Amino acid sequence: MKSKLEKLLIKSQVPNHVAIIMDGNGRWASKRGLSRIRGHQEGMESVKSVVKSARELGIKAITLYAFSVQNWMRPKAEVKALMKLLKDYLIKEGDKLSEKGIRLNAIGRLDDLPEDVCVVLDDIMEETLHNRDMVLTLALSYGGREEIVDAARSIISRGDITAESINELDISNYLYTKDLPELDLLIRTSGEMRISNFLLWQIAYSEIYVTSTLWPDFRKRHLIKALLHYQNTERRFGLTSDQIRKREVL
Ligand code: IPE
Ligand code: IPE
Ligand code: MG
């Protein structure tokens, strides 16, 4: 049964592509006197819930910031625990993704991940390759600046693109996100107003929604609130309100 909140959603105005900076696991744990790792475990429950909810709500692409390039600098035990949680998640949820028509995708410097994680990741990506209901992208060992550097390297190494001919589309086509739709909505949990090196190119005209809810507490109702905020925002893309309204009428 749909909640009151869900009934307010206009199906045709659900964003195609939503990305989430899943922040606040450590704070969630320390508020309870628990270890940061316990916070990450709870955060995994939110991942499961949000992936399921996103599909139910008709979102076509969801991108989750799970581990940044900079996160490698965290204490060794925490990094190890995060990699184990990731592997466990993939092993346990892989079949469910398949059943639900969800394609798994990953972006970032994936070669930096431990071998055993890469193997499971590759298996599930292959198994879910033809699923069309939603694409779940995990950003792993991801950095927005690193992504742009990697794109520049690939473009230059092609050798046949001249400085004068290069355009926006060429750059987009060399980013890790080349096959994903435009990013409509970026959500950050835990209240901080920063981007932390996430999807720097892609957020050019995304709506940004920051909630004080800590990631381990984030569930379907919080996602719906973010979608409602999105629906009530006028995206102008540099134009005037009048122009946007007229375009809607046309
Ligand atoms: C997000 O929670 C998870 C990762 C960055 C891997 P944090 O671990 O950053 O939690 P806080 O920000 O310290 O509360
Ligand atoms: C962003 O959170 C990275 C992920 C959610 C994976 P961080 O906790 O690493 O970001 P900062 O340190 O608050 O900027
Ligand atoms: Mg954090």
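Caption draft 1: Layout of the pairing of strand 5 (residues 185–188). Here strand 5 shows no split at all, with Leu185 and Ile187 on one side and Leu186 and Arg188 on the other all buried. Strand direction decides the pairing type here: strand 1 (residues 17–21) and strand 5, joined by 4 bridges, are parallel. In the strand pairing of strand 5, alanine 19 is matched with leucine 186. Of the strand pairs in this sheet, strand 5 and strand 6 (residues 207–210) are connected by 4 bridges, and their pairing is parallel. Its bridge partner being in strand 6, leucine 185 is matched across the sheet by glutamate 207.

Caption draft 2: Quick peek at the nonpolar core. Ranked by internal contacts, the top residues of the largest apolar core, which has 48 residues, are Ile20, Val51, Leu64, Leu90, Leu104, Leu136 and Ile187. It is helix 4 (residues 76–99) that contributes the most residues to this core, 8 residues altogether. Apart from the residues lying within four places of it in its own chain, the contact partners of leucine 104 are Leu90, Leu97, Leu121, Ile124, Met125, Thr128, Leu136 and Leu138. The next biggest cluster of nonpolar side chains, apart from the first, holds 11 residues, and it includes Ile21, Ala139, Leu186 and Leu199.

Caption draft 3: Representation of the sheet that holds strand 4 (residues 134–142) in the model. The strand order across the open sheet built from 6 strands is 3-4-2-1-5-6, with neighbouring strands paired in parallel fashion. On the outer flanks of this sheet lie strand 3 (102–107) and strand 6, each paired with one strand and no other. Going from strand to strand, the sheet's axes swing by 20° on average, the running direction of each strand aside.

Caption draft 4: Up close: the packing of aromatic side chains. Throughout the structure, instances matching the rule amount to 7 aromatic pairs. Measuring from ring centre to ring centre gives 5.7 Å for tyrosine 142 and phenylalanine 198, while their planes differ by 90°; the resulting arrangement is edge-to-face. In this pair, tyrosine 142 is assigned in strand 4 and phenylalanine 198 in the loop between strand 5 and strand 6, connecting sequence segments 56 residues apart. Phenylalanine 198 matches tyrosine 142 in its accessibility class, with the two residues each being buried. Among the aromatic residues, those joined into a ring-pair cluster are Tyr65, Tyr142, Tyr176 and Phe198.

Reading the values: rules and limits
Residues numbered from 1 in each chain as written. Chains lettered and ligands numbered in written order. Predicted model: local features only at pLDDT ≥ 70, side-chain atom pairs only at ≥ 80, totals over all residues. Heavy atoms only, no water. Buried < 20%, exposed > 50% of the residue type's maximum accessible area, 1.4 Å probe, protein only. Helix = DSSP H or I, 4+ residues; strand = E, 2+ residues; numbered from the N terminus. Pairing = 2+ DSSP bridges. Core = buried A, V, L, I, M, F, W, Y, C linked by side-chain atoms within 4.5 Å. Contact = heavy atoms within 4.5 Å. Axes fitted to C-alpha atoms, helices over the stretch in contact; angles between N-to-C directions. Phe/Tyr/Trp six-rings, centres within 6.5 Å; stacked < 30°, edge-to-face > 60°.

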